[in-house]
Amino acid sequence: MIRRILMLAFVLLVFTMPTEAITLQELQTSPQFKLVHHHEFSNPVTKEGIYVYLNTYSVEPLHYAPPQYTLRGIYYIATVASYGVGIQEKQLTVAYDTNYSLATLIRSSRTMNPSPSMIALIQASESNSGLYMSDIDVARYEADGTVKWTKYSEDTRKFPVNRNHRILYDLADTMFMVAYQQHFDDIVVQ
Amino acid sequence: MKRIYLRFLWLLVCFVLPLQGQAISQSELLDTARFQHIDSTVDSGRGDGKYLDLTSVRSVEAPNGHRRIEATVYVLMPAADLIYGLQIQYDYQMDQSLNHLIDKHDTSLRNGGNDPYISIWYAKQSNSGITGTITSANAFNNGGQTHKQQIHMANIKAILLPVEFGNEKYKLPNLVYQKAYGIAYDDEL
């Protein structure tokens, strides 16, 4: 009986482990990994560069109370260089507030009479993008999936994300699209 | 002899007075009727920072679809006993103003387009629509006398350029445009 319970616990542990080794080939070929950002270093033939993939299967809603939403997902940063390949696994938690989406800001700017200057719109979009996130290192792998180290911290410090932070913004927006089939900045709060 | 003397006086008026006009002291910059302080996060709050000479703003000839404006900006750094006088020419690409891009986007949406709103911001981030060229630079001390310090153009350029959407250097050319045409560049349709 004890043996059965131990076996069951082992099976459960294996299937619910938060981190799974990942290879570069899986990131490049499996449809569950969406390429969100890439930057080739110089030689396009050797494909050296930085590639950021979102695991679309990992996206989960933590909080749903429109116009506020919170999502969590796993993403990978693959660095492909002549000296080797490194894969970084990270967990991103994003709190969205569509009161500050571009569509909402533009709509309210258009309905005001007299209409405020576009400068006011730019300032409003810069002072609060409506996106707050926390970003945690989970693990690092080599190209073949060998784990270099794993770490999990409960560091949940949130920081605001500006629309100029292109990689983080695109990750947050892709997560939002995976969950709700719409771009975050296209949601209008009436 | 008298004629030569008079001609000399005219030369004095033509050359010396404009030069004196360019030299500016710290106390003169506090004249709010002529100079507008440009708020910046790097200001210490002691009056240092950039000042737009409102009398210097003038539009100049530009190619089709563009507008060009010249202006003089003074950068006051009292702790370093230094004032830079910079003459800058801004070029504005009219079909890249934010209002024009939003209007174009909304027309496209009505006609069945599906570009997201963030694409407008990306378009502005890759091309703000404004470029600037510094045409001359002078250095003075706090008292307004010409400074002997050598001017490093690379450092000077970094004070006002590049004009990228979303950074602080973007506000000044919008204000300059407003002074010349009555509305901000990004409000142009």
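Keep in mind that what you see is a predicted model, and the values were worked out from it rather than measured.

Parameters at a glance
- Residues numbered from 1 in each chain as written.
- Chains lettered and ligands numbered in written order.
- Predicted model: local features only at pLDDT ≥ 70, side-chain atom pairs only at ≥ 80, totals over all residues.
- Helix = DSSP H or I, 4+ residues; strand = E, 2+ residues; numbered from the N terminus.
- Buried ≥ 20, exposed ≤ 12 C-beta atoms within 10 Å, placed from the backbone.
- Contact = placed C-beta atoms within 7 Å.
- Axes fitted to C-alpha atoms, helices over the stretch in contact; angles between N-to-C directions.
- Parallel < 35°, antiparallel > 145°, perpendicular 65-115°, else oblique.
- Left-handed = near helix turned anticlockwise from the far one by under 90°.
- Nonpolar A, V, L, I, M, F, W, Y, C, P; charged D, E, K, R; others polar.
- Core = buried A, V, L, I, M, F, W, Y, C linked by C-beta atoms within 7 Å.
- pLDDT = per-residue confidence, 0-100.
- Arc of directions from axis to C-beta.
- Pairing = 2+ DSSP bridges.

Asker: Which residues make up the overall build of chain A, and what values do they have?
Answerer: Each helix and strand in chain A was counted, giving five helices and seven strands. The order of helices and strands in chain A, counted from the N terminus, is α-α-β-β-β-β-α-α-β-β-β-α. The buried share of chain A, reckoned over its 190 residues, is 28%. The contacts of chain A with a sequence gap of at least 6 include a subset with a gap of at least 24, amounting to 58%.

Asker: Could you give an account of the overall build of chain B, with specific residues and numbers?
Answerer: A tally of regular secondary structure across chain B gives six helices and five strands. When the elements of chain B are put in sequence order from the N terminus, they spell out α-α-β-β-β-β-α-α-β-α-α. Out of the 189 residues belonging to chain B, those deemed buried represent 25%. Within chain B, residue pairs in contact and separated by at least 24 positions form 57% of the contacts whose partners lie at least 6 positions apart.

Asker: I'd like a rundown of the packing of helix α3 (residues 102-111) of chain A against helix α4 (residues 118-127) of chain A, residues and numbers included.
Answerer: Residues and elements named next belong to chain A. One way to put it is that α3 packs onto α4 with a least axis distance of 10 Å and a crossing angle of 150 degrees. Classified by the angle between their axes, α3 and α4 sit roughly antiparallel to one another. In this structure, α3 meets α4 at a crossing whose hand is right-handed. Residues Leu102, Leu105, Ile106 and Ser109 of α3 lie in contact with α4, whose contacting residues are Leu121, Ala124 and Ser125. Each residue belonging to the contact of α3 with α4 can be placed in one class, and the counts come to five nonpolar, two polar and no charged.

Asker: Give a detailed account of the interface of chain B and chain A, specifying residues and quantitative values.
Answerer: Across the boundary between the two partners, chain B contributes 13 residues, which contact 14 residues of chain A. Of all the elements in the fold, those that place two or more residues in the side of chain B that touches chain A are α3 (98-110) and α4 (118-126) of chain B. Residue classes in the side of chain B that touches chain A are distributed as seven nonpolar, four polar and two charged.

Asker: Give me the lowdown on the nonpolar core, citing residues and values where you can.
Answerer: Judged by nonpolar contacts, the single largest core of 39 residues is most densely connected at Val73(B), Tyr74(B) and Val176(B). Setting aside residues up to four positions removed in sequence, Val176(B) forms contacts with Leu52(B), Val57(B), Ile69(B), Ala71(B) and Tyr90(B). Tyr51(A), Ile87(A), Met133(A) and Leu171(A) belong to the second-largest nonpolar core, a separate cluster that totals 32 residues.

Asker: Which residues make up the environment of Tyr181(B), and what values do they have?
Answerer: Residue and element names in this part refer to chain B. Structurally, Tyr181 is set in helix α6 (residues 171-181). By the C-beta count within 10 Å, which is 16 here, Tyr181 ends up partly exposed. Measuring from C-alpha to C-alpha, the distance between Tyr181 and Arg58 comes to 9.6 Å, with 123 residues separating the pair along the chain.

Asker: Quick one: what's the story with the confidence of the model for chain B, residue by residue and with numbers?
Answerer: Residue and element names in this part refer to chain B. Summarising the model, chain B shows a mean pLDDT of 87, and 88% of its residues fall at 70 or more. In the model, residues 12-21 has pLDDT below 50 throughout and makes zero contacts with residues more than four positions away in sequence or in other chains. What the predictor reports for the complex is a pTM of 0.81 with an ipTM of 0.80.

Asker: Tell me what's going on with α4(B), and back it up with residues and numbers.
Answerer: For α4(B), the full list of buried residues reads Ile118(B), Trp121(B) and Lys124(B). Looking straight down α4(B), one finds its buried side chains confined to an arc of 120 degrees; they lie on one side. Residues of α4(B) that are buried make contact with α3 and α5 (166-180) of chain A together with α3 of chain B.

Asker: If you had to explain unusual backbone geometry to someone new, which residues and values would you point to?
Answerer: Among all residues save glycine, negative phi is the norm, and among peptide bonds the norm is trans. With an omega of 10 degrees, the peptide bond between Pro66(A) and Pro67(A) qualifies as cis. Secondary-structure assignment places Pro67(A) in the loop between β2 (49-65) and β3 (68-81). Note that the residue after Leu161(B), namely Pro162(B), is joined by a cis bond; omega there is -5 degrees. One can find Pro162(B) in the loop between α5 (153-160) and α6. Despite not being glycine, Gln181(A) shows a phi value in the positive range, around 60 degrees.

Asker: Describe the pairing of strand β6 (residues 147-150) of chain A, and please don't skip the residues or the numbers.
Answerer: In the case of a regular strand, side chains alternate between the two sheet surfaces. Residue and element names in this part refer to chain A. In this structure, strand β5 (residues 131-142) lies alongside β6, joined through three bridges in antiparallel fashion. When the sheet's bridge partners are listed, Arg140 is paired in β6 with Trp149. Linking β5 back to β6 in an antiparallel pair, the connection comprises four residues, with Gly145 at a positive phi of about 100 degrees.

Asker: Tell me about the environment of Leu29(B), residues and numbers included.
Answerer: Residue and element names in this part refer to chain B. Here Leu29 shows up in helix α2 (residues 26-29). When the 24 C-beta atoms within 10 Å are taken as the criterion, Leu29 is described as buried. Beyond its immediate sequence surroundings of up to four residues, Leu29 is in contact with Ile24, Phe35, Tyr51, Tyr74 and Leu76.

Asker: How would you summarise the sheet that holds strand β2 (residues 49-60) of chain B if you had to cite specific residues and measurements?
Answerer: By definition, the strands of a sheet pair up through backbone hydrogen bonds, in either a parallel or an antiparallel sense. All names here are of chain B. One open sheet accounts for five strands, arranged β1-β2-β3-β4-β5; its pairing is antiparallel. Taken across any chain shown, the strands that pair with only one partner, and hence form the sheet edges, are β1 (35-38) and β5 (130-140). On average, each strand axis in the sheet is tilted by 30 degrees relative to the strand beside it, whichever way the strands run. Inspection of the sheet shows β1 paired to β2 by four bridges, in the antiparallel sense. Looking across to β2, one finds that Gln36 is bridged to Leu52. Sheet strands in contact with α6 are β1, β2, β3 (66-77), β4 (82-93) and β5, and its direction is about 45 degrees off that of β2.

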